[in-house]
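Results of the structural survey
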Amino acid sequence: MTQRASELSGEQRAGAPGRGLTAAEVAERISRGEVNDVPVRSSRSLTEIVRANVFTRFNLIIGVLWVIMLAVAPIQDSLFGFVIIANTGIGIVQEWRAKKTLDSLAVVGESKPVVRRDGKAAAIHTSEIVLGDLIELGPGDKVVVDGTVAEADGLEVDESLLTGEADPVLKKTGDTVMSGSFVVAGGGAFTATKVGREAYAAQLAEEASRFTLVRSELRSGISTILKYITWMMVPTATALVISQLVVKEHNFKDSIARTVGGIVPMIPEGLVLLTSVAFAIGVVRLGRKQCLVQELPAIEGLARVDVVCLDKTGTLTEGGMDVTELRPLGDAEEPYLRRVLAAFGASEPRPNASLQAIIDAYPAPEDGAWTTTGTLPFSSARKYSGAAFTEDGGASSAWLLGAPDVLLSEADPALAEIGQLNEQGLRVLLLARARGELDAPDAAQGAEPAALVVLEQRLRPDAGRTLAYFGEQRVATKVISGDNAVSVGAVAAKLGMEGAEHPVDARRLPEDTDEMATAMEQNAVFGRVTPQQKREMVAALQSRGHTVAMTGDGVNDVLALKDADIGVSMGSGSEATRAVAQIVLLNNSFATLPSVVAEGRRVIGNITRVATLFLTKTVYSVLLAVLVVCFQVEYPFLPRHLTLLSTLTIGVPAFFLALAPNKERAHPHFVRRVMRYAIPSGVICAAATFVMYLIARHHYSGTGALDAETSAATLTLFLVSMWVLAIIARPYTWWRICLVAAMGLAFLIVLAVPWLQDFFALKLVGTQMPWTAVGIAVVASVALEYVWRLVGRRFGA
């Protein structure tokens, strides 16, 4: 305690050693503001949400054009501005809903450190810790503030998240512990020396739980598309302005209106909105299933995963176990062994699942005749724990409890018996009497086997269905466990996992990355995997181009979770695993993963669909502007015409299609896939429309000719755009057919109702040109079908 005391002021040293602060001392520190009150945000603030949705590049462009149109044209030519307001409002509302969902889930998923005050331990919120608090630590606990070790019992801390070094660091009294590290073995307590914004955790915790729009292929692809569109739009729009204002020398207001009509549809403003809305609604949907998405693109990432690495304990099996049998070895008597196990269980204040099963089966007697003189906490690296006792007769003994194949020599005959039990899916621990000191590096050497403790793991009832789902979706599953390989294989086989009959002992895996990757691809079940090996396995699979998801709940999974493309943690897992995972299953149900995969596929597949719609419009708008400039003719459309077309063929359908079910597996190269269809579709739409426009210009003459030409061109563009929508809406379901039909019916109503004809300046004159428009649209639709099939055959669907 002297070293710790030297680091604190006289006021901070108050409180009896080991008892923590008193209530009065806590109140005094709170009044001085010495509280760990750093706000950990799980999402953007409302102000940031509004700013991000309102102040966009395209909103600025459209806003300027809207103001111009309000000044020079009727209100119906300014409808596009109201659409932008509605779209922006939808985006704000949806992200606000997602924010509230995430905020509530983050509170549910928050772990509470155990603080000792007035000699009593209590779990409190991280924000309630004050300077000088005595905080208890156990396996899996995260160090939430900076401090100095006050008590240590085999305390091993992993500082890899801070230093990058994977090896645990043994901490003794007086050593410094940094926030962001976590306990892998042993226990103890530390005194908080830095809280609030002074602690390193202030930055780390905020990063771990923030609602981020981090880089993803979908978002970066859309950004790339928008960048190129901006470059194309500027010269095209400039040429169009010159053409309409200078060359044609028409009425100034009419020229302005038609110029704006040519510029507005070049902007795929709704594409960004729909992407955000699709992600946000995905978060809300998963939130209802108790799934906390800490980074939005994790939904997309899991949809792209083709290998899922599973930790057996806590994923395929439930946390609890039951002791089914105690088998004495040698001359040991069962009553004495029961007493040893009871004392062993009582020696560990924070038992793991295996030891808890032993405590439940062999509770410690109340006489307290056995005294614990030393303990060796369990470590994933060594695979055993230990305890030393003074027995009721005064005799001393030291015991080890752990993996039989680690504590026994390879020639020991008991291993054959253990192998038979493992093949039945049972877990076996060996109780052995140690010959030397517990903390010696070779403590297990020469240990005398005393008994086999047979444990049965509780299988998750939904694990089999989940494994079957991944099999159907062509996602490879790999079970990676620290347990005995044969035992792990038996558990996997019970769940019907393919390849479970050939489990691999990871101790015999090659160290070469390429050779390990081959072994990983050829096998499905791996046992006796060390935490470092889990990390190497993930890297090996990634080296072969696989997108890897890793699930886990223990501290031994943290490094692999951190390196995997997508880390998935159980809500009941350690604080460390939840901090590095992108997705946290708060209900601890492995069966939630298919929902996340399905949500990701829905987002990616549907955004690909609607992106094709939006970009087809951009392509034909740019081409029509170029053709108008080259042929020196009036731009055929007013803004109201393209607002109507965009609403019926893109806006409304895209909203429904973006939120529809979609189980199609995610494909890479988003930009290329979208543009392969959007460019030829846009070219066909532009060509058909402009040809119809030129024909109509030669047919109509006199007063009202331009309005008649515009109506014929609008009909052609609508019909061809509707066919693009019909192709994208496939495969057809009843609601998709109704959606397409409703859009067509809405256009017919506009053409049939007189006041709507006047409002949108659409009136078909005669019969020859309208039927010509239909004929050209039919030819264009046939061309669309041919092109889409050609692209599908050449590049794949």
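Since the model is a prediction, treat every value here as computed from it, not as a measurement. (Residues numbered from 1 in each chain as written. Predicted model: local features only at pLDDT ≥ 70, side-chain atom pairs only at ≥ 80, totals over all residues. Heavy atoms only, no water.)

**Side note on the overall build of the chain**
To keep it simple, the criterion reads: Put simply, DSSP H or I for four residues or longer makes a helix, DSSP E for two residues or longer makes a strand, and each gets a number counted from the N terminus. Between two residues, a contact is recorded if the distance between any of their heavy atoms is within 4.5 Å. Accessible areas in this description were obtained via Shrake-Rupley with a 1.4 Å probe; residue shielding takes into account the shown protein chains only.
Secondary structure summary: the chain contains 28 helices and 21 strands in total. Partitioning the intrachain contacts of the chain with sequence separation of at least 6 by distance along the chain shows that 72% fall at a separation of at least 24. When the accessible surface of the chain is split by element, carbon and sulfur atoms take 57% of a total near 32,800 Å².

**A short note on the side chain of Asp306**
Threshold: By the criterion applied in these results, polar contacts are pairs of N or O atoms within 3.5 Å in which, for protein atoms, one can donate a hydrogen and the other can accept it, and in which residues neighboring in sequence qualify only through two side-chain atoms.
When you line up the elements, Asp306 lands in the loop between helix 11 (297–304) and strand 9 (307–310). Polar contacts involving the side chain of Asp306 include one to the side chain of His546, which spans 3.1 Å.

**Quick notes on helix 15 (residues 414–423)**
Where we set the bar: Categorising residues by exposure relies on relative accessible area from a 1.4 Å probe, with only protein chains included: less than 20% of the type maximum marks a residue as buried, more than 50% marks it as exposed, and the intermediate range marks it as partly exposed. This arc corresponds to the set of directions leading from the helix axis out to the C-beta atoms.
Of the residues making up helix 15, those classed as buried are Ala414, Ile418, Gly419, Leu421 and Asn422. With its buried residues spanning 165° around the axis, helix 15 presents them on a single face. Projecting away from the buried face of helix 15 at angles above 90 degrees are the exposed residues Ala416, Gln420 and Glu423. At the exit of helix 15 stands Gly425, carrying a positive phi of roughly 85°.

**As for a nonpolar patch on the surface**
The condition that has to hold: Exposure above 30% relative accessible area and no salt bridge define the residues that can form patches, which grow by joining like charges within 9 Å and nonpolar side chains of Val, Leu, Ile, Met, Phe, Trp and Tyr within 5 Å. One speaks of a salt bridge when a side-chain nitrogen belonging to Lys or Arg is within 4 Å of a carboxyl oxygen belonging to Asp or Glu.
Together, Leu46, Val50, Val54, Phe55 and Trp96 make up an exposed nonpolar region whose accessible area comes to about 440 Å². No other element matches the 3 residues that helix 3 (residues 46–54) contributes to the nonpolar patch. Of the residues examined, Val54 reaches a relative accessible area of 31% and is grouped as partly exposed.

**Here we look at unusual backbone geometry**
In the segment running from Arg730 into Pro731, the intervening peptide bond is cis, with an omega of -5°. Tracing the backbone through its elements, the reader meets Pro731 in the loop between helix 25 (705–728) and helix 26 (734–752). Although it is not a glycine, Asp118 adopts a positive phi angle of roughly 55°. Here Asp118 is to be found in the loop between strand 1 (114–117) and strand 2 (120–123). Given the relative accessible area of 35%, Asp118 is considered partly exposed. The phi angle at Gln632 is positive, at roughly 55°, despite the residue not being glycine. Here Gln632 shows up in the loop between helix 22 (593–631) and helix 23 (639–658). Of the residues examined, Gln632 reaches a relative accessible area of 31% and is grouped as partly exposed.

**Some remarks on the packing of helix 23 against helix 25**
The condition that has to hold: Under this scheme, a helix contributes an axis fitted over its contacting stretch, all axes are lines through C-alpha atoms, and angles between N-to-C directions fall in the 0 to 180 degree range. Throughout, the term roughly parallel applies to angles under 35 degrees, roughly antiparallel to angles over 145, roughly perpendicular to angles from 65 to 115, and oblique to all others. Only Asp, Glu, Lys and Arg are considered charged, only Ala, Val, Leu, Ile, Met, Phe, Trp, Tyr, Cys and Pro nonpolar, and every remaining residue, Gly among them, polar.
In contact at an axis separation of 9 Å, helix 23 and helix 25 are set at 10° when each is read in the N-to-C sense. As far as their axial angle goes, helix 25 and helix 23 are roughly parallel. Taken together, the residues of helix 25 that come into contact with helix 23 (itself represented by His641, Leu642, Leu645, Leu648, Thr649, Pro653 and Leu657) are Thr710, Thr714, Leu717, Phe718, Ser721, Met722, Leu725 and Ile728. Class assignment of the residues belonging to the contact of helix 23 with helix 25 gives a composition of 10 nonpolar, 5 polar and no charged.

**Side note on helix 26**
The criterion, for reference: Given a helix with a known number of residues, its expected span is that number minus one, times 1.5 Å.
Its 19 residues give helix 26 an end-to-end C-alpha distance of 26 Å, which sits within 8% of 27 Å, the value for a rise of 1.5 Å per residue. Those residues of helix 26 that sit buried are Arg736, Leu739, Val740, Met743, Gly744, Phe747, Val750 and Leu751. Axial view of helix 26: buried residues confined to an arc of 125°, hence all on one face. Seen from the buried face of helix 26, the exposed residues on the opposite side, beyond 90 degrees, are Trp734, Leu745, Leu748 and Ala752. At its buried positions, helix 26 is contacted by helix 22, helix 23, helix 25 and helix 27 (754–760).

**Examining the pairing of strand 19 (residues 548–552)**
Stated precisely, the cut-off is as follows: Should DSSP find at least two bridges between two strands, the strands are taken to pair.
Of all 5 residues in strand 19, 5 are buried; the element is thus mostly enclosed. Burial along strand 19 is two-sided: the residues Val548, Met550 and Gly552 and Ala549 and Thr551 are all buried. Relative to strand 19, strand 9 runs parallel, the two sharing 3 bridges. Across the sheet, residue Val307 finds its bridge partner in strand 19, namely Val548. Across 4 bridges, the pairing between strand 19 and strand 20 (residues 566–570) is parallel. From the neighbouring strand, Met550 faces strand 20, where its bridge partner is Gly567.

**Focus on the pairing of strand 13 (residues 396–402)**
Within a regular beta strand, the side chains point alternately toward one face of the sheet and then the other, so they alternate between its two faces. Counting buried positions over the 7 residues of strand 13 gives 6, a clear majority of the element. Taken together, the 7 bridges between strand 12 (residues 384–390) and strand 13 define a ladder with antiparallel strand orientation. Counterpart to Ala387 in the pairing with strand 13 is Trp399. Where strand 12 folds back on strand 13, the antiparallel hairpin that results is connected by 5 residues, among which Gly394 adopts a positive phi of roughly 95°. Sheet analysis places strand 13 next to strand 14 (residues 426–433), joined by 4 bridges and oriented antiparallel. Looking across to strand 14, one finds that Leu401 is bridged to Leu431.

**Looking at the packing of helix 15 against helix 17 (residues 485–494)**
The test is simple: Crossing chirality is assigned from the near helix's rotation relative to the far helix, an anticlockwise turn below a right angle marking it left-handed and a clockwise turn marking it right-handed.
Packing of helix 15 against helix 17 leaves a shortest axis separation of 7 Å and a crossing angle of 20°. Put simply, helix 15 runs roughly parallel to helix 17. Judged by the sense of rotation from one axis to the other, the crossing of helix 15 with helix 17 is right-handed. Side by side, helix 15 and helix 17 meet where Gly419, Asn422 and Glu423 of the first sit next to Val486, Ser487 and Ala490 of the second. Looking at the contact of helix 15 with helix 17 residue by residue, the class counts come to 2 nonpolar, 3 polar and 1 charged.

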